[in-house]
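# Observations on chain architecture
If you want the building blocks of each chain, they are given just below.
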Amino acid sequence: MPSFDSNLFPLWLVQALCALFLAITFLQSGLDKVIDWKGNLGWLTGHFSKTPLRGVVAPMLATLTLMELAAGAVSAAGLVVLVLSGGTRVALWGAALSALSFVALFFGQRMAKDYAGAGGLVPYFLVSLLALLVMRG
């Protein structure tokens, strides 16, 4: 942990915990999509079968997988930078990619008329917004 005024420790801790939360969330989700591509594709094909997105499920899944892996990896790298130097720029980009990924997920859930699923994303999205706020330098 970088040395700084002890009054700033709570802020640093919130920054670190947000980066860790987003790294875990998106690395797990993205890796799950890679490991169980066929299962995810099958489930999503059914999920979007009655929507205008039904013909683009595979490209959507590929795009979302890349977005999630990027958000998770950048958030993890941001945590490392934060711990080693106190810098927040990388973690800020991780939070931005995370927020964008949550918006993409939210869009998909709304298109599928899975309103409960869309609502379940809101707390995660708020964490990404909090991270954006606390990472600004």
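Placed above this text is the structure.
The paragraphs below set out a description of the structure included in this document. (Residues numbered from 1 in each chain as written. Predicted model: local features only at pLDDT ≥ 70, side-chain atom pairs only at ≥ 80, totals over all residues. Heavy atoms only, no water.)

## Here we look at the packing of aromatic side chains
Across all of its chains, the model carries 4 aromatic pairs by this definition. Judged by centre distance (5.9 Å) and plane angle (25°), the rings of Phe 9 and Trp 12 are stacked. Residue Phe 9 and its partner Trp 12 are both found in helix H1 (residues 9-35); the two are separated by 3 residues, about one turn of the helix. We classify Phe 9 as partly exposed; its relative accessible area is 33%. According to the relative accessible area criterion, Trp 12 is buried, its value standing at 10%. Of the aromatic side chains, those joined through ring pairs into one cluster are Phe 21, Phe 26, Phe 102 and Tyr 124. (Phe/Tyr/Trp six-rings, centres within 6.5 Å; stacked < 30°, edge-to-face > 60°. Helix = DSSP H or I, 4+ residues; strand = E, 2+ residues; numbered from the N terminus. Buried < 20%, exposed > 50% of the residue type's maximum accessible area, 1.4 Å probe, protein only.)

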